[in-house]
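Coordinate analysis (summary)
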Amino acid sequence: MATLQSELQLERSKFKPVLPAVLRSGPSGVVPRLGKPTQSVSDQESLRAIFPKTYGLPLALLIKGRNPSVGKNPFRLGIVFSGGQAPGGHNVLAGLFDALKKANPKNQLIGFIGGPSGILENKRMDITAAVVDNYRNTGGFDMIQSGRTKIETPEQLATAKKTIEQTTQANRLDGLAVVGGDDSNTNAALLSEYFKNEGVKVSVIGVPKTIDGDLKNSEIEASFGFDTATKIYSELAGNICRDVLSARKYWHFIRLMGRSASHITLEVALKTRPNLALIGEEVLAQKMTLAQVVDQIAQAVARRSEAKKNYGVVLIPEGLIEFIPEMKELISGLNDTLAAHEPRLAAVNSFEEKRDIVAGALSAPLAALLQSLPQSFQAQLMLDRDPHGNVQVSQIETEKLLVEMVKARLAALKVKGNYGGKFAAITHFFGYEGRCGAPSNFDATYCYALGYNAAVLALNGLSGYLSSIKNLMKPPAQWVPGGVPLTAMMNVERRKGKDKPVIQKALVKLDGGPFKAFAKIRESLVLEDGYVYPGPIQYFGPSSVTDMTTKTLQLESSER
Ligand code: FBP
């Protein structure tokens, strides 16, 4: 049965993304101009040793020109979505498809189903024009789905090689586009290195995806999905601010996605102006304890209560817990302990027994800290890590922990006569609500260009690059396409108890434009009701609303 499309979907399918001018004459009308060799952001010697074949590749800029080999022979490109969903993925796929077909109608796009495990199991589908047309400008990754499998063991790499090479020349892949965040693109770099080393001729190209907004640097201005997801969260948070002002009886604690960096919280704070927004990177810089974070919120509640305002809104980044130094230390201790005792823990069923094994292996202060937390929170901290070794912060209900601790702190203030108000709190977690929304004009256009550009890089035989589109504050026609070597963005980090090469995450810069803009207004927001209501994403109407970019991109671009 064909899926019924909503009225908005039907209208939205007619949206035609504008390509950067330089890409408009198609893949055979551009060539990559290569710059100087690059260096990784740090740990140069270790990374050079891990990536002997792909370390130091030059930056690539696409300029008008002609590469006679592009489009000459049929080219088969695989695409895989890796990691969390982000609005615009289907347009990356549409961009890849259109570029491939423009270069040579016999070119093929092959989708790996279910994320990187689809490569290992060789689960694939041939993507046709009819399928692509059905998904243009839609949210989600559902055409081919996504997954978090990591391809890293020698056996997995050899299996991936088999999938690329296939059994006949007619089926072999010439390129692979990996649409993912920092971890998935690290995996793309490992694949590219492995294939080069094995003499497998295949272009591995990454595409920067993550709603978290933390895959960016001097060459990557934004990851796709951040624009749409933050617009959705801002609408929801703005609606809550208005509810708060209407009912005047609740404090709303809103946790927002963003596993490591607080970009989402900062963007939503700039858009909606809540009474308080915690920024994890600042908590870390000020070395705040959990008690100090709680005290900061309790003080704001008490101050507003004196002004007869027993209501308010607090934004909390989901990664906050990892920024509080004592908690960070606990999580890092847990990461190592859980990895070291994996078989023993797997054999145990009761939570208490597991916790006692873990506590016994931690240092005494860390064990005491773990045991001082509510049991439900201990269990959340001990949940399995993802395949890349990350704590699953989306499962940790920090907002609930904070409400309980603020309640206790206010009770203590009351006893001392320093607080006389009422505190009724409601908690929310906004994350999954934003990851599959229909892409904004910005994301629809950006993703299409990223995909088109990725196909051009692959057709030109480049491998180990991330598709890059720059100059994003200008109209799309003036956007600048190119490629950034994956190894140039890397450093070495500790994961699952081991040092691993990973693409460096971009955290909120405390001396950067977005944070400084927030710091300027935040004191006045504690007492005032200065809420702003951004409303829903607009797909039709005046450009001032349909083409509006994020405040983060605006403020960061003005610093470039
Ligand atoms: P990516 O980094 O893979 O884009 O995923 C980001 C994210 O949405 C985080 O914000 C969140 O913590 C995590 O995914 C949730 O993961 P899962 O979908 O596995 O629950």
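It should be noted that the structure appears before, not after, this text.
The text that follows walks through the structure, step by step, so that each part is easy to find. (Residues numbered from 1 in each chain as written. Predicted model: local features only at pLDDT ≥ 70, side-chain atom pairs only at ≥ 80, totals over all residues. Heavy atoms only, no water.)

1. Quick word on the pairing of strand β3 (residues 76–82)
Judged by how many residues are buried, β3 sits mostly within the fold: seven of seven residues are covered. Here β3 shows no split at all, with R76, G78, V80 and S82 on one side and L77, I79 and F81 on the other all buried. Here β3 pairs with strand β4 (residues 108–112) via four bridges, running parallel. Directly across from G78, in β4, lies its bridge partner I110. Once you follow β3 into helix α3 (residues 89–103) and on to β4, the crossover reads as right-handed. Relative to strand β7 (residues 175–180), β3 runs parallel, the two being bridged by five bridges. Bridge pairing in β7 links L77 to G175. As paired elements, β3 and strand β6 (residues 146–147) share two bridges and run parallel to each other. (Buried < 20%, exposed > 50% of the residue type's maximum accessible area, 1.4 Å probe, protein only. Helix = DSSP H or I, 4+ residues; strand = E, 2+ residues; numbered from the N terminus. Pairing = 2+ DSSP bridges. Right-handed = clockwise from strand over helix to strand, strands pointing away.)

2. Structural notes on helix α11 (residues 290–306)
Between the first and last C-alpha of α11 there are 25 Å, a value that for 17 residues agrees with the 24 Å anticipated at 1.5 Å per step. Turning to α11, its buried residues are L290, V293, V294, I297, A298, A300, V301, A302, R304 and S305. With its phi angle positive at about 65 degrees, K308 sits one or two positions after the end of α11. (Expected span 1.5 Å × (residues − 1).)

3. Here we look at the packing of helix α13 (residues 325–340) against helix α16 (residues 364–372)
Axis angle and axis distance: for two packed helices, these are the angle between their axes and the distance between the axes, and together they describe the pair. Where α13 meets α16, the closest approach of the two axes is 10 Å, and the angle between their N-to-C directions is 105 degrees. Of the possible angle classes, the one that applies to α13 and α16 is roughly perpendicular. In this structure, α13 contributes E326, M327, E329, L330, G333 and L334 to the contact, and α16 contributes L366, L369 and L370. For the contact of α13 with α16, the class distribution of residues is six nonpolar, one polar and two charged. (Axes fitted to C-alpha atoms, helices over the stretch in contact; angles between N-to-C directions. Parallel < 35°, antiparallel > 145°, perpendicular 65-115°, else oblique. Contact = heavy atoms within 4.5 Å. Nonpolar A, V, L, I, M, F, W, Y, C, P; charged D, E, K, R; others polar.)

4. What about the site of the ligand?
As a structural note, the neighbourhood of the ligand is formed by 14 residues, with G84, R148, D212, E318 and Y432 the closest of them. Here R148 contributes a side-chain N or O atom positioned 2.9 Å from an oxygen atom of the ligand. At 2.5 Å, a side-chain N or O of E318 approaches an oxygen atom of the ligand. A total of 480 Å² of accessible area belongs to the ligand in isolation, and the protein chains cover 88% of it. Looking at the shell around the ligand residue by residue, the class counts come to three nonpolar, five polar and six charged. (Near = heavy atom within 4 Å. Polar contact = N/O pair within 3.5 Å; in protein donor to acceptor, adjacent residues only side chain to side chain. Areas by Shrake-Rupley, 256 points an atom, 1.4 Å probe, with all protein chains shown as cover.)

5. Digging into the packing of aromatic side chains
A complete count under the given rule lists eight aromatic pairs for this structure. Ring plane angle 75 degrees and centroid distance 6.1 Å describe the contact between F253 and F423, whose orientation is recorded as edge-to-face. Pair noted here: F253 is in strand β9 (residues 251–256) and F423 is in the loop between α18 (398–415) and β12 (425–430), with a separation of 170 residues, a long-range link. For F253, a relative accessible area of 0% translates into the label buried. Sitting over the ring of F15, R12 keeps its end group 4.3 Å from the ring centre. (Phe/Tyr/Trp six-rings, centres within 6.5 Å; stacked < 30°, edge-to-face > 60°. Lys NZ or Arg CZ within 6 Å of the ring centre and 35° of its normal.)

6. Comments concerning unusual backbone geometry
In this structure, Q145 takes a positive phi of about 60 degrees despite not being glycine. Looking at where Q145 falls in the secondary structure, it is placed in the loop between α5 (129–135) and β6. We note that N471 has phi near 75 degrees; this positive angle belongs to a residue other than glycine. Among the structural elements, N471 can be located in the loop between β13 (465–470) and β14 (480–485). A relative accessible area of 30% places N471 in the partly exposed class.

7. Thoughts on the side chain of K271
Secondary-structure assignment places K271 in helix α9 (residues 263–272). According to the relative accessible area criterion, K271 is buried, its value standing at 8%. Among residues more than four places away in sequence, those in contact with K271 are T230, K231, S234, V532, P534, T550 and K551.

8. Here's the deal with helix α20 (residues 441–459)
For α20, with 19 residues, the first-to-last C-alpha span of 27 Å sits near the 27 Å given by 1.5 Å per residue. Of the residues flanking the end of α20, it is G461, one or two places downstream, whose phi is positive at about 80 degrees.

9. With respect to empty space enclosed by the protein
Within the structure shown, the criterion is met by three cavities of 30 Å³ or more. Of the voids in this model, the largest cavity is the one considered here, and its volume is about 110 Å³. Taken together, 13 residues line the largest cavity, and the ones lying closest to its centre are E221, A222, F226, T550 and L553. Elements represented by at least two residues in the lining of the largest cavity include exactly α8 (226–247) and α23 (551–557). (1 Å grid on protein atoms, 1.4 Å probe; cavity = no way out; pocket = protein on both sides within 12 Å on 5 of 7 lines; lining within 4 Å. Points joined across faces, edges and corners; volume = space filled by probe spheres on them.)

10. Focus on the pattern of salt bridges
Side-chain pairs of opposite charge can arise where the charged atoms are in close proximity. Across all of its chains, the model carries 26 salt bridges by this definition. The closest approach of N and O atoms between K14 and E11, which form a salt bridge, is 2.9 Å. Look at K14 and you get exposed, because its relative accessible area is 54%. We note a salt bridge from K216 to E556, for which the minimum N-O separation is 3.0 Å. Taken together, the residues K216 in the loop between β8 (203–208) and α8 and E556 in helix α23 connect sequence positions 340 residues apart. (Salt bridge = Lys/Arg side-chain N within 4 Å of Asp/Glu carboxyl O.)

11. Brief notes about the packing of α11 against helix α21 (residues 513–527)
For the pair α11 and α21, interaxial distance at closest approach is 8 Å and the crossing angle is 50 degrees. With respect to each other, α11 and α21 are oriented oblique. Taken together, the residues of α21 that come into contact with α11 (itself represented by A300, R303 and R304) are E523, L525, V526 and L527. Looking at the contact of α11 with α21 residue by residue, the classes come out as four nonpolar, no polar and three charged.

12. A short note on the layout of surface pockets
Estimates place the volume of the largest pocket at around 620 Å³. Contributing to the lining of the largest pocket are 22 residues, with S260, E322, K328, E493 and R495 lying nearest its centre. Counting only elements with at least two residues in the lining of the largest pocket, the list comes to α12 (320–323), α13 and β15 (490–495). With five residues, α13 is the largest single contributor of residues to the lining of the largest pocket.

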